[in-house]
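# A structural walkthrough
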Amino acid sequence: MSSSVASPTARPRGLTPDWWSDPKVWRTEILAGLVVALALVPEAISFSIIAGVDPATGLFASFTMAVTIAIVGGRRAMISAATGAVALVIAPVNREHGLGYLVATVILAGVFQIILGALGVAKLMRFIPRSVMVGFVNALAILVFMAQVPEMRNVPWAVYPLIAAGLALMVLLPKITTVIPAPLVSIVVLTVITVAAGIAVPNVGDKGALPSSLPAPGLPDVPFTMDTLTTIAPYAFAMALVGLMESLMTAKLVDDITDTRSDKTRESIGQGIANIVTGFFGGMGGCAVIGQTMINVKVSGARTRLSTFLAGSFLMVLCIVFGPIVSDIPMAALVAVMITVSFTTFDWHSIAPRTLKRMPAGEIAVMVITVAVVVGTHNLAIGVVVGSVTAMIVFARRVAHLAEVNAVTDPDGSAVVYRVTGELFFASSNDLVGQFDYAGDPPRVVIDLSAAHIWDASSVAALDAITYKYSQRGKSVEITGLNDPSAHLHGKLSGELAAGH
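Overview of the structure. Computed from a predicted model, the values in this text were never measured in an experiment.

### Here's the deal with the environment of A209
Tracing the backbone shows A209 in the loop between α7 (182-197) and α8 (226-258). What makes A209 exposed here is its relative accessible area of 60%. As for A209 and A274, which are separated by 65 residues in sequence, their C-alpha atoms are 25 Å apart.

What follows is the structure, encoded as C-alpha coordinates:
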(Lines give C-alpha, C1' and ligand atoms only; values in the text may rest on other atoms or scores of the structure.)
Protein backbone atom coordinates (compact mmCIF):
# COMPACT_ATOMS: atom_id res chain seq x y z
CA MET A 1 0.00 0.00 0.00
CA SER A 2 1.16 3.48 -0.73
CA SER A 3 2.15 5.60 2.21
CA SER A 4 2.01 8.90 0.36
CA VAL A 5 -0.53 11.41 1.61
CA ALA A 6 -1.95 14.26 -0.40
CA SER A 7 -2.64 17.70 0.99
CA PRO A 8 -6.05 18.25 2.62
CA THR A 9 -7.23 20.12 -0.45
CA ALA A 10 -5.94 17.58 -2.94
CA ARG A 11 -8.40 16.20 -5.47
CA PRO A 12 -9.02 12.47 -5.88
CA ARG A 13 -6.45 10.98 -8.23
CA GLY A 14 -7.41 11.40 -11.86
CA LEU A 15 -10.06 14.12 -11.32
CA THR A 16 -9.99 17.71 -12.54
CA PRO A 17 -11.61 20.65 -10.70
CA ASP A 18 -14.59 20.46 -13.07
CA TRP A 19 -15.00 16.70 -12.85
CA TRP A 20 -18.77 17.16 -12.58
CA SER A 21 -18.86 18.18 -16.24
CA ASP A 22 -16.82 15.15 -17.38
CA PRO A 23 -19.09 12.41 -18.82
CA LYS A 24 -16.44 9.76 -18.17
CA VAL A 25 -16.45 10.53 -14.44
CA TRP A 26 -20.26 10.42 -14.31
CA ARG A 27 -20.28 7.10 -16.12
CA THR A 28 -17.71 5.63 -13.72
CA GLU A 29 -19.52 6.89 -10.63
CA ILE A 30 -23.00 5.80 -11.81
CA LEU A 31 -21.93 2.32 -12.86
CA ALA A 32 -19.87 1.89 -9.68
CA GLY A 33 -22.91 2.83 -7.58
CA LEU A 34 -25.03 0.29 -9.45
CA VAL A 35 -22.51 -2.52 -8.92
CA VAL A 36 -22.22 -1.71 -5.22
CA ALA A 37 -26.00 -1.62 -4.84
CA LEU A 38 -26.31 -5.08 -6.38
CA ALA A 39 -23.59 -6.40 -4.06
CA LEU A 40 -25.24 -4.83 -1.02
CA VAL A 41 -28.55 -6.67 -1.41
CA PRO A 42 -27.55 -10.20 -0.33
CA GLU A 43 -25.12 -8.98 2.34
CA ALA A 44 -27.68 -6.64 3.91
CA ILE A 45 -30.15 -9.52 4.04
CA SER A 46 -27.52 -11.82 5.55
CA PHE A 47 -26.64 -9.27 8.23
CA SER A 48 -30.34 -8.88 9.01
CA ILE A 49 -30.48 -12.60 9.70
CA ILE A 50 -27.48 -12.28 12.05
CA ALA A 51 -29.21 -9.46 13.93
CA GLY A 52 -32.46 -11.43 14.02
CA VAL A 53 -34.53 -8.83 12.17
CA ASP A 54 -36.58 -8.72 8.98
CA PRO A 55 -34.49 -8.40 5.76
CA ALA A 56 -36.09 -5.02 5.07
CA THR A 57 -34.49 -3.68 8.26
CA GLY A 58 -31.00 -4.39 6.93
CA LEU A 59 -31.82 -3.08 3.46
CA PHE A 60 -33.28 0.13 4.88
CA ALA A 61 -30.14 0.56 7.00
CA SER A 62 -27.89 0.17 3.95
CA PHE A 63 -29.99 2.73 2.05
CA THR A 64 -30.03 5.40 4.76
CA MET A 65 -26.41 4.86 5.83
CA ALA A 66 -25.06 5.19 2.28
CA VAL A 67 -27.16 8.20 1.33
CA THR A 68 -26.49 10.06 4.59
CA ILE A 69 -22.76 9.37 4.80
CA ALA A 70 -22.36 10.48 1.18
CA ILE A 71 -23.40 13.95 2.38
CA VAL A 72 -21.92 14.22 5.88
CA GLY A 73 -18.99 11.77 5.78
CA GLY A 74 -15.31 12.66 5.64
CA ARG A 75 -14.11 10.04 3.12
CA ARG A 76 -15.24 10.32 -0.47
CA ALA A 77 -16.26 7.11 -2.30
CA MET A 78 -16.35 5.02 0.90
CA ILE A 79 -19.50 2.92 1.33
CA SER A 80 -21.35 2.69 4.65
CA ALA A 81 -24.19 0.21 5.14
CA ALA A 82 -25.39 -2.56 7.42
CA THR A 83 -22.40 -4.67 8.53
CA GLY A 84 -21.78 -8.00 10.22
CA ALA A 85 -19.76 -6.48 13.08
CA VAL A 86 -22.60 -4.14 14.06
CA ALA A 87 -25.15 -6.94 13.63
CA LEU A 88 -23.22 -9.13 16.08
CA VAL A 89 -23.12 -6.36 18.70
CA ILE A 90 -26.82 -5.47 18.60
CA ALA A 91 -28.24 -8.97 18.03
CA PRO A 92 -28.59 -9.63 21.81
CA VAL A 93 -30.66 -6.44 22.20
CA ASN A 94 -33.19 -7.58 19.61
CA ARG A 95 -33.21 -11.14 20.95
CA GLU A 96 -33.78 -10.13 24.58
CA HIS A 97 -35.79 -6.91 24.30
CA GLY A 98 -37.24 -6.61 20.78
CA LEU A 99 -36.89 -4.43 17.68
CA GLY A 100 -37.84 -1.18 19.46
CA TYR A 101 -34.87 -1.46 21.79
CA LEU A 102 -32.58 -2.34 18.87
CA VAL A 103 -33.60 0.83 17.02
CA ALA A 104 -33.12 2.91 20.19
CA THR A 105 -29.66 1.36 20.58
CA VAL A 106 -28.73 2.40 17.04
CA ILE A 107 -29.78 6.01 17.71
CA LEU A 108 -27.88 6.17 21.00
CA ALA A 109 -24.82 4.65 19.31
CA GLY A 110 -24.98 7.46 16.79
CA VAL A 111 -25.02 10.02 19.62
CA PHE A 112 -21.97 8.34 21.19
CA GLN A 113 -20.16 8.44 17.85
CA ILE A 114 -20.79 12.16 17.46
CA ILE A 115 -19.45 12.77 20.99
CA LEU A 116 -16.39 10.56 20.41
CA GLY A 117 -15.76 12.23 17.06
CA ALA A 118 -15.96 15.70 18.62
CA LEU A 119 -13.54 14.58 21.37
CA GLY A 120 -10.97 13.64 18.72
CA VAL A 121 -11.09 9.85 18.78
CA ALA A 122 -9.94 9.87 15.15
CA LYS A 123 -6.51 11.08 16.29
CA LEU A 124 -5.92 7.67 17.84
CA MET A 125 -5.46 6.32 14.31
CA ARG A 126 -1.89 7.63 14.34
CA PHE A 127 -1.03 4.98 16.95
CA ILE A 128 -1.97 2.08 14.67
CA PRO A 129 1.30 0.79 13.15
CA ARG A 130 1.73 -0.34 9.57
CA SER A 131 2.04 -4.03 10.52
CA VAL A 132 -1.44 -3.86 12.10
CA MET A 133 -2.81 -2.12 9.02
CA VAL A 134 -1.38 -4.83 6.76
CA GLY A 135 -2.82 -7.51 9.04
CA PHE A 136 -6.18 -5.70 8.97
CA VAL A 137 -6.20 -5.67 5.15
CA ASN A 138 -5.18 -9.32 4.84
CA ALA A 139 -7.71 -10.41 7.47
CA LEU A 140 -10.38 -8.45 5.65
CA ALA A 141 -9.57 -10.28 2.42
CA ILE A 142 -9.73 -13.64 4.21
CA LEU A 143 -13.08 -12.80 5.84
CA VAL A 144 -14.54 -11.67 2.53
CA PHE A 145 -13.51 -14.99 0.98
CA MET A 146 -14.72 -17.05 3.96
CA ALA A 147 -18.12 -15.35 3.71
CA GLN A 148 -18.47 -16.82 0.22
CA VAL A 149 -17.69 -20.41 1.25
CA PRO A 150 -21.23 -21.19 2.52
CA GLU A 151 -22.55 -20.16 -0.89
CA MET A 152 -20.40 -22.88 -2.46
CA ARG A 153 -21.42 -25.74 -0.17
CA ASN A 154 -24.27 -28.15 -0.81
CA VAL A 155 -25.30 -26.36 -4.00
CA PRO A 156 -26.20 -27.61 -7.49
CA TRP A 157 -23.19 -28.45 -9.65
CA ALA A 158 -24.06 -25.60 -12.04
CA VAL A 159 -22.98 -23.07 -9.39
CA TYR A 160 -19.31 -23.92 -9.87
CA PRO A 161 -19.04 -23.28 -13.63
CA LEU A 162 -21.05 -20.08 -13.14
CA ILE A 163 -18.56 -18.85 -10.52
CA ALA A 164 -15.67 -19.81 -12.82
CA ALA A 165 -17.30 -17.96 -15.72
CA GLY A 166 -17.82 -14.88 -13.55
CA LEU A 167 -14.19 -14.90 -12.45
CA ALA A 168 -13.01 -15.31 -16.04
CA LEU A 169 -15.13 -12.37 -17.18
CA MET A 170 -13.73 -10.11 -14.45
CA VAL A 171 -10.15 -11.08 -15.28
CA LEU A 172 -10.39 -10.88 -19.07
CA LEU A 173 -12.85 -8.01 -19.69
CA PRO A 174 -10.65 -5.22 -18.27
CA LYS A 175 -7.99 -6.23 -20.81
CA ILE A 176 -10.47 -5.46 -23.59
CA THR A 177 -12.36 -2.47 -22.19
CA THR A 178 -12.92 -0.61 -18.93
CA VAL A 179 -15.88 1.41 -20.13
CA ILE A 180 -18.28 -0.76 -18.13
CA PRO A 181 -17.18 -2.28 -14.80
CA ALA A 182 -16.39 -5.96 -15.18
CA PRO A 183 -18.43 -6.93 -12.07
CA LEU A 184 -21.56 -5.38 -13.59
CA VAL A 185 -21.03 -7.23 -16.87
CA SER A 186 -20.46 -10.46 -14.97
CA ILE A 187 -23.66 -10.06 -12.93
CA VAL A 188 -25.78 -9.22 -15.99
CA VAL A 189 -24.35 -12.01 -18.17
CA LEU A 190 -24.72 -14.74 -15.54
CA THR A 191 -28.24 -13.59 -14.68
CA VAL A 192 -29.29 -13.71 -18.34
CA ILE A 193 -27.76 -17.17 -18.76
CA THR A 194 -29.43 -18.68 -15.69
CA VAL A 195 -32.85 -17.14 -16.44
CA ALA A 196 -32.80 -17.88 -20.19
CA ALA A 197 -31.59 -21.44 -19.73
CA GLY A 198 -33.77 -22.08 -16.71
CA ILE A 199 -30.80 -23.15 -14.59
CA ALA A 200 -31.93 -23.82 -11.03
CA VAL A 201 -29.31 -22.29 -8.74
CA PRO A 202 -29.59 -20.25 -5.52
CA ASN A 203 -30.42 -16.62 -6.19
CA VAL A 204 -30.84 -13.37 -4.28
CA GLY A 205 -34.54 -14.03 -3.76
CA ASP A 206 -33.68 -17.11 -1.70
CA LYS A 207 -32.06 -14.82 0.90
CA GLY A 208 -35.34 -13.15 1.82
CA ALA A 209 -38.15 -10.93 0.58
CA LEU A 210 -37.21 -7.48 -0.71
CA PRO A 211 -39.11 -4.42 0.58
CA SER A 212 -41.93 -3.04 -1.56
CA SER A 213 -42.03 0.54 -0.20
CA LEU A 214 -39.75 3.22 1.23
CA PRO A 215 -39.14 3.31 5.00
CA ALA A 216 -41.15 5.80 7.07
CA PRO A 217 -39.50 7.83 9.85
CA GLY A 218 -40.62 7.46 13.43
CA LEU A 219 -39.55 7.17 17.07
CA PRO A 220 -38.49 3.80 18.50
CA ASP A 221 -41.26 1.93 20.29
CA VAL A 222 -39.70 1.94 23.77
CA PRO A 223 -40.50 3.62 27.08
CA PHE A 224 -38.36 6.74 27.44
CA THR A 225 -37.12 5.93 30.94
CA MET A 226 -33.82 5.60 32.76
CA ASP A 227 -34.26 1.81 32.77
CA THR A 228 -34.35 1.82 28.98
CA LEU A 229 -31.23 3.97 28.84
CA THR A 230 -29.27 1.73 31.22
CA THR A 231 -30.39 -1.32 29.23
CA ILE A 232 -29.26 -0.11 25.81
CA ALA A 233 -26.27 2.08 26.77
CA PRO A 234 -23.65 -0.72 27.01
CA TYR A 235 -24.67 -2.15 23.63
CA ALA A 236 -24.83 1.33 22.08
CA PHE A 237 -21.34 2.22 23.31
CA ALA A 238 -19.93 -1.08 22.02
CA MET A 239 -21.60 -0.49 18.65
CA ALA A 240 -20.21 3.05 18.53
CA LEU A 241 -16.65 1.84 19.14
CA VAL A 242 -16.84 -1.07 16.68
CA GLY A 243 -18.43 1.12 14.02
CA LEU A 244 -15.85 3.88 14.39
CA MET A 245 -12.95 1.46 14.41
CA GLU A 246 -14.02 -0.24 11.18
CA SER A 247 -14.94 3.04 9.51
CA LEU A 248 -11.69 4.81 10.37
CA MET A 249 -9.57 1.82 9.36
CA THR A 250 -11.45 1.58 6.07
CA ALA A 251 -11.02 5.32 5.50
CA LYS A 252 -7.27 4.97 6.02
CA LEU A 253 -7.20 2.07 3.56
CA VAL A 254 -9.03 4.13 0.93
CA ASP A 255 -6.64 7.03 1.62
CA ASP A 256 -3.74 4.77 0.69
CA ILE A 257 -5.42 3.35 -2.40
CA THR A 258 -6.44 6.75 -3.81
CA ASP A 259 -3.43 8.77 -2.59
CA THR A 260 -5.78 11.28 -0.99
CA ARG A 261 -6.47 12.40 2.55
CA SER A 262 -9.78 12.12 4.36
CA ASP A 263 -11.20 14.07 7.30
CA LYS A 264 -11.35 11.40 10.01
CA THR A 265 -13.07 13.66 12.54
CA ARG A 266 -15.80 14.52 10.06
CA GLU A 267 -16.12 10.83 9.21
CA SER A 268 -16.53 9.93 12.89
CA ILE A 269 -19.25 12.53 13.39
CA GLY A 270 -20.79 11.60 10.04
CA GLN A 271 -21.07 7.97 11.09
CA GLY A 272 -22.98 9.11 14.16
CA ILE A 273 -25.35 11.24 12.12
CA ALA A 274 -25.92 8.39 9.65
CA ASN A 275 -26.76 5.96 12.46
CA ILE A 276 -29.18 8.42 14.06
CA VAL A 277 -30.94 8.92 10.71
CA THR A 278 -30.96 5.15 10.17
CA GLY A 279 -32.44 4.55 13.60
CA PHE A 280 -35.29 7.02 13.04
CA PHE A 281 -36.09 5.16 9.80
CA GLY A 282 -36.19 1.82 11.63
CA GLY A 283 -32.87 0.49 10.32
CA MET A 284 -30.38 -1.72 12.15
CA GLY A 285 -27.47 0.71 11.89
CA GLY A 286 -24.08 0.12 10.37
CA CYS A 287 -20.67 1.52 9.51
CA ALA A 288 -18.19 1.45 6.63
CA VAL A 289 -18.61 -1.82 4.73
CA ILE A 290 -15.21 -2.81 3.48
CA GLY A 291 -15.99 -5.32 0.76
CA GLN A 292 -18.36 -2.98 -1.08
CA THR A 293 -15.94 -0.08 -0.58
CA MET A 294 -13.26 -2.10 -2.36
CA ILE A 295 -15.71 -2.81 -5.19
CA ASN A 296 -16.44 0.90 -5.45
CA VAL A 297 -12.90 2.24 -5.18
CA LYS A 298 -10.51 -0.48 -6.28
CA VAL A 299 -12.54 -2.52 -8.77
CA SER A 300 -14.86 0.13 -10.26
CA GLY A 301 -12.56 3.16 -9.90
CA ALA A 302 -15.03 5.49 -8.18
CA ARG A 303 -13.59 8.57 -6.46
CA THR A 304 -16.46 10.87 -5.43
CA ARG A 305 -19.43 11.04 -3.06
CA LEU A 306 -21.74 10.53 -6.02
CA SER A 307 -21.02 6.80 -6.19
CA THR A 308 -21.80 6.40 -2.48
CA PHE A 309 -25.05 8.35 -2.77
CA LEU A 310 -26.12 6.41 -5.85
CA ALA A 311 -25.25 3.07 -4.24
CA GLY A 312 -27.83 3.74 -1.53
CA SER A 313 -30.35 5.23 -3.96
CA PHE A 314 -29.98 2.40 -6.48
CA LEU A 315 -30.38 -0.11 -3.66
CA MET A 316 -33.90 1.09 -2.90
CA VAL A 317 -34.80 1.43 -6.58
CA LEU A 318 -33.59 -2.10 -7.27
CA CYS A 319 -35.55 -3.50 -4.32
CA ILE A 320 -38.80 -1.57 -4.83
CA VAL A 321 -38.99 -1.16 -8.61
CA PHE A 322 -36.94 -4.06 -9.92
CA GLY A 323 -37.39 -6.48 -7.04
CA PRO A 324 -38.39 -9.48 -9.19
CA ILE A 325 -35.40 -8.98 -11.50
CA VAL A 326 -32.95 -8.53 -8.64
CA SER A 327 -34.34 -11.64 -6.97
CA ASP A 328 -33.31 -13.66 -10.05
CA ILE A 329 -29.62 -12.67 -9.81
CA PRO A 330 -27.71 -15.92 -9.12
CA MET A 331 -25.66 -15.89 -5.94
CA ALA A 332 -22.85 -17.38 -8.02
CA ALA A 333 -22.43 -14.03 -9.80
CA LEU A 334 -22.08 -12.12 -6.53
CA VAL A 335 -19.79 -14.81 -5.09
CA ALA A 336 -17.48 -14.37 -8.09
CA VAL A 337 -17.43 -10.59 -7.53
CA MET A 338 -16.56 -10.95 -3.85
CA ILE A 339 -13.84 -13.54 -4.54
CA THR A 340 -12.26 -11.05 -6.94
CA VAL A 341 -12.50 -8.35 -4.26
CA SER A 342 -10.85 -10.71 -1.78
CA PHE A 343 -7.98 -11.47 -4.14
CA THR A 344 -7.32 -7.84 -5.07
CA THR A 345 -7.59 -6.64 -1.46
CA PHE A 346 -5.02 -9.07 -0.02
CA ASP A 347 -1.53 -7.59 0.28
CA TRP A 348 0.39 -10.37 -1.45
CA HIS A 349 3.66 -8.48 -1.16
CA SER A 350 3.45 -8.75 2.64
CA ILE A 351 3.80 -12.55 2.54
CA ALA A 352 6.35 -12.81 -0.28
CA PRO A 353 9.46 -14.75 0.85
CA ARG A 354 11.69 -11.80 0.00
CA THR A 355 9.61 -9.49 2.21
CA LEU A 356 9.47 -11.96 5.10
CA LYS A 357 13.27 -12.36 5.05
CA ARG A 358 13.81 -8.62 5.43
CA MET A 359 10.96 -7.86 7.84
CA PRO A 360 11.80 -7.83 11.59
CA ALA A 361 10.36 -10.83 13.44
CA GLY A 362 8.30 -8.57 15.69
CA GLU A 363 6.60 -6.92 12.72
CA ILE A 364 5.70 -10.29 11.23
CA ALA A 365 4.36 -11.48 14.59
CA VAL A 366 2.12 -8.40 14.91
CA MET A 367 0.73 -8.92 11.41
CA VAL A 368 0.07 -12.63 12.01
CA ILE A 369 -1.57 -12.00 15.40
CA THR A 370 -3.82 -9.32 13.91
CA VAL A 371 -4.92 -11.67 11.13
CA ALA A 372 -5.44 -14.59 13.53
CA VAL A 373 -7.56 -12.59 15.98
CA VAL A 374 -9.70 -11.01 13.27
CA VAL A 375 -10.32 -14.33 11.52
CA GLY A 376 -10.90 -16.10 14.82
CA THR A 377 -13.39 -13.55 16.18
CA HIS A 378 -14.79 -12.31 12.86
CA ASN A 379 -14.41 -8.86 14.36
CA LEU A 380 -12.02 -6.42 12.70
CA ALA A 381 -12.13 -4.00 15.64
CA ILE A 382 -10.96 -6.61 18.17
CA GLY A 383 -8.15 -7.67 15.86
CA VAL A 384 -6.93 -4.10 15.43
CA VAL A 385 -6.93 -3.48 19.19
CA VAL A 386 -5.08 -6.74 19.96
CA GLY A 387 -2.62 -6.11 17.11
CA SER A 388 -1.92 -2.56 18.28
CA VAL A 389 -1.35 -3.68 21.89
CA THR A 390 0.98 -6.42 20.64
CA ALA A 391 2.90 -3.87 18.56
CA MET A 392 3.27 -1.65 21.62
CA ILE A 393 4.63 -4.56 23.66
CA VAL A 394 7.09 -5.46 20.90
CA PHE A 395 8.19 -1.83 20.67
CA ALA A 396 8.57 -1.51 24.45
CA ARG A 397 10.69 -4.67 24.63
CA ARG A 398 12.87 -3.43 21.80
CA VAL A 399 13.39 0.06 23.23
CA ALA A 400 13.86 -1.26 26.76
CA HIS A 401 17.26 -2.59 25.77
CA LEU A 402 18.42 0.66 24.21
CA ALA A 403 19.31 2.34 27.52
CA GLU A 404 23.02 1.77 28.20
CA VAL A 405 25.10 2.70 31.24
CA ASN A 406 28.90 3.18 31.01
CA ALA A 407 31.06 4.05 34.03
CA VAL A 408 34.33 6.04 33.99
CA THR A 409 36.28 6.50 37.26
CA ASP A 410 38.51 9.55 37.85
CA PRO A 411 42.24 8.74 37.92
CA ASP A 412 42.48 9.79 41.56
CA GLY A 413 39.56 7.50 42.47
CA SER A 414 37.52 10.26 44.13
CA ALA A 415 34.58 10.18 41.72
CA VAL A 416 32.89 8.06 39.07
CA VAL A 417 30.84 9.28 36.11
CA TYR A 418 28.01 7.10 34.81
CA ARG A 419 27.01 8.08 31.28
CA VAL A 420 23.44 6.93 30.47
CA THR A 421 22.47 6.68 26.81
CA GLY A 422 18.96 6.02 25.47
CA GLU A 423 15.30 6.52 26.27
CA LEU A 424 14.23 6.17 29.90
CA PHE A 425 10.65 5.02 30.43
CA PHE A 426 8.87 2.33 32.45
CA ALA A 427 10.39 -0.58 30.51
CA SER A 428 14.02 0.57 30.29
CA SER A 429 14.19 2.26 33.71
CA ASN A 430 13.34 -0.98 35.54
CA ASP A 431 16.81 -2.32 34.69
CA LEU A 432 18.56 0.96 35.43
CA VAL A 433 18.79 0.55 39.21
CA GLY A 434 20.80 -2.66 38.95
CA GLN A 435 23.58 -1.19 36.78
CA PHE A 436 25.34 0.77 39.53
CA ASP A 437 28.05 -0.41 41.95
CA TYR A 438 26.69 1.09 45.16
CA ALA A 439 29.21 -0.56 47.48
CA GLY A 440 32.36 -0.23 45.36
CA ASP A 441 31.96 3.28 43.95
CA PRO A 442 33.89 6.26 45.37
CA PRO A 443 32.19 8.91 47.58
CA ARG A 444 31.14 11.14 44.64
CA VAL A 445 28.91 9.80 41.87
CA VAL A 446 27.91 11.73 38.72
CA ILE A 447 25.08 10.49 36.51
CA ASP A 448 25.37 12.13 33.08
CA LEU A 449 22.02 12.13 31.24
CA SER A 450 23.03 14.38 28.33
CA ALA A 451 22.51 11.46 25.92
CA ALA A 452 19.27 10.28 27.52
CA HIS A 453 15.67 11.45 27.84
CA ILE A 454 13.28 10.98 30.77
CA TRP A 455 9.77 10.12 29.60
CA ASP A 456 7.77 9.14 32.68
CA ALA A 457 7.44 8.93 36.46
CA SER A 458 8.94 5.42 36.50
CA SER A 459 12.27 6.84 35.32
CA VAL A 460 12.22 9.60 37.94
CA ALA A 461 11.45 6.99 40.59
CA ALA A 462 14.37 4.87 39.39
CA LEU A 463 16.76 7.82 39.65
CA ASP A 464 15.44 8.57 43.14
CA ALA A 465 16.01 4.94 44.12
CA ILE A 466 19.61 5.12 42.85
CA THR A 467 20.23 8.34 44.79
CA TYR A 468 18.71 6.82 47.95
CA LYS A 469 20.86 3.68 47.73
CA TYR A 470 24.03 5.77 47.48
CA SER A 471 22.94 8.08 50.33
CA GLN A 472 22.50 5.04 52.59
CA ARG A 473 26.24 4.48 52.12
CA GLY A 474 27.16 8.11 52.72
CA LYS A 475 27.84 8.88 49.07
CA SER A 476 26.62 11.89 47.08
CA VAL A 477 24.94 11.77 43.67
CA GLU A 478 24.88 14.56 41.10
CA ILE A 479 22.58 14.27 38.07
CA THR A 480 23.76 16.35 35.09
CA GLY A 481 22.99 16.91 31.42
CA LEU A 482 19.19 16.89 31.66
CA ASN A 483 17.46 18.45 28.65
CA ASP A 484 14.65 20.91 29.37
CA PRO A 485 11.67 18.48 29.25
CA SER A 486 13.55 15.90 31.32
CA ALA A 487 14.68 18.53 33.84
CA HIS A 488 11.11 19.81 34.18
CA LEU A 489 9.69 16.33 34.79
CA HIS A 490 12.51 15.37 37.16
CA GLY A 491 12.21 18.60 39.12
CA LYS A 492 8.47 18.21 39.49
CA LEU A 493 8.46 14.55 40.62
CA SER A 494 11.81 13.88 42.26
CA GLY A 495 11.42 13.19 45.97
CA GLU A 496 7.61 12.89 45.63
CA LEU A 497 7.47 9.22 44.61
CA ALA A 498 8.85 7.63 47.80
CA ALA A 499 11.48 5.77 45.78
CA GLY A 500 13.48 3.36 47.88
CA HIS A 501 11.66 4.26 51.11
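### Side note on the layout of surface pockets
Rolling a probe over the atoms, with the probe sized like a water molecule, indicates the empty space that remains. Space inside the largest pocket adds up to approximately 750 Å³. Along the wall of the largest pocket there are 30 residues; nearest its centre are E43, F47, G84, L143 and A147. Counting only elements with at least two residues in the lining of the largest pocket, the list comes to α1 (23-51), α3 (84-97), α5 (130-148), α10 (290-299) and α13 (331-345). When its residues are assigned to classes, the lining of the largest pocket shows 18 nonpolar, eight polar and four charged.

### Observations concerning empty space enclosed by the protein
Across all of its chains, the model carries one cavity of 30 Å³ or more by this definition. Taken as a whole, the largest cavity holds about 30 Å³ of empty space. Taken together, E151, V155, V159, V201, P202, M331 and A332 form the lining of the largest cavity.

### Quick look at the side chain of D456
With respect to the element layout, D456 can be found in the loop between β5 (444-454) and α18 (457-471). Although buried, D456 forms no salt bridge, and the nearest oppositely charged side chain, K492, lies 12 Å from it. Only 2.7 Å separates the side chain of D456 from the backbone nitrogen of F426, close enough to count as a polar contact. Apart from residues lying up to four places away in sequence, D456 is in contact with L424, F425, F426 and L489.

### Observations concerning the packing of aromatic side chains
Taken as a whole and assessed by the stated rule, the structure comprises eight aromatic pairs. Ring centres 4.6 Å apart and planes at 45 degrees place the aromatic pair F346 and W348 in the tilted group. Accessibility expressed as a relative area gives 15% for F346, which makes it buried. Classification of W348 by relative accessible area gives partly exposed; the value is 45%. Through a chain of ring-to-ring contacts, the aromatic side chains of Y418, F436, Y438 and Y470 assemble into a single cluster. Seen from the ring of Y438, K469 lies directly overhead, with NZ or CZ sitting 5.9 Å from the centre.

### Some thoughts on unusual backbone geometry
One non-glycine residue, N154, lies in positive phi territory at about 50 degrees. When you line up the elements, N154 lands in the loop between α5 and α6 (159-176). Of note, D259 is a non-glycine position whose phi angle comes to about 55 degrees, a positive value. Locating D259 in the fold gives a position in the loop between α8 and α9 (264-280). Owing to a relative accessible area of 23%, D259 belongs among the partly exposed residues under this scheme.

### Some details on the side chain of S388
Structurally, the position occupied by S388 is in helix α16 (residues 380-400). In this structure S388 comes out as buried when scored by relative accessible area, which is 9%. In terms of polar contacts, S388 uses its side chain to reach the backbone carbonyl oxygen of V384, at 2.8 Å.

### Focus on a nonpolar patch on the surface
A contiguous nonpolar patch, built from V317, V321, F322 and I325 and spanning about 350 Å² of accessible area, is present on the exposed surface. By the secondary structure assignment, V321 is in the loop between α11 (305-320) and α12 (323-327). Look at V321 and you get exposed, because its relative accessible area is 53%.

### Considering α7
Taking 1.5 Å of rise per residue, the 16 residues of α7 would be expected to cover 22 Å, and the 22 Å separating its terminal C-alpha atoms lies within 8% of that figure. The inward-facing, buried residues of α7 abut α1, α6, α10 and α13. Once α7 finishes, G198 follows within two positions and takes phi at roughly 65 degrees, a positive value.

### Some points on the nonpolar core
Formed by 78 residues in total, the largest nonpolar core has its most connected members in V41, L59, F136, I163, I295 and L315. In this structure, F47, V222, V242 and C287 belong to the second largest nonpolar core, which totals 28 residues.

### Thoughts on the pattern of salt bridges
Taken as a whole, this structure holds five salt bridges when the rule is applied. Note that D255 is salt-bridged to R75, the shortest N-O span being 2.6 Å. Here R75 lies in the loop between α2 (55-72) and β1 (80-81) and D255 lies in helix α8, a separation of 180 residues in the sequence. R75 carries the same exposure label as D255, and that label is buried. The shortest N-O distance in the salt bridge between E478 and R444 comes to 3.1 Å. With E478 in strand β6 (residues 476-480) and R444 in strand β5, this pair connects stretches of sequence that are 34 residues apart. Residue E478 is classed as partly exposed on the basis of its relative accessible area of 36%. For R444, a relative accessible area of 39% puts it in the partly exposed group. One network of salt bridges, in which partners are shared, links R75, D255 and K264.

### Examining the pairing of β6
Taken together, the five bridges between β5 and β6 define a ladder with parallel strand orientation. Directly across from I447, in β6, lies its bridge partner I479.

Rules used throughout
Residues numbered from 1 in each chain as written. Predicted model: local features only at pLDDT ≥ 70, side-chain atom pairs only at ≥ 80, totals over all residues. Heavy atoms only, no water. Helix = DSSP H or I, 4+ residues; strand = E, 2+ residues; numbered from the N terminus. Buried < 20%, exposed > 50% of the residue type's maximum accessible area, 1.4 Å probe, protein only. 1 Å grid on protein atoms, 1.4 Å probe; cavity = no way out; pocket = protein on both sides within 12 Å on 5 of 7 lines; lining within 4 Å. Points joined across faces, edges and corners; volume = space filled by probe spheres on them. Nonpolar A, V, L, I, M, F, W, Y, C, P; charged D, E, K, R; others polar. Lys, Arg positive; Asp, Glu negative; His and termini not counted. Salt bridge = Lys/Arg side-chain N within 4 Å of Asp/Glu carboxyl O. Polar contact = N/O pair within 3.5 Å; in protein donor to acceptor, adjacent residues only side chain to side chain. Contact = heavy atoms within 4.5 Å. Phe/Tyr/Trp six-rings, centres within 6.5 Å; stacked < 30°, edge-to-face > 60°. Lys NZ or Arg CZ within 6 Å of the ring centre and 35° of its normal. Patch = residues over 30% accessible without salt bridge, like charges linked within 9 Å, V, L, I, M, F, W, Y side chains within 5 Å. Areas by Shrake-Rupley, 256 points an atom, 1.4 Å probe, with all protein chains shown as cover. Expected span 1.5 Å × (residues − 1). Core = buried A, V, L, I, M, F, W, Y, C linked by side-chain atoms within 4.5 Å. Pairing = 2+ DSSP bridges.

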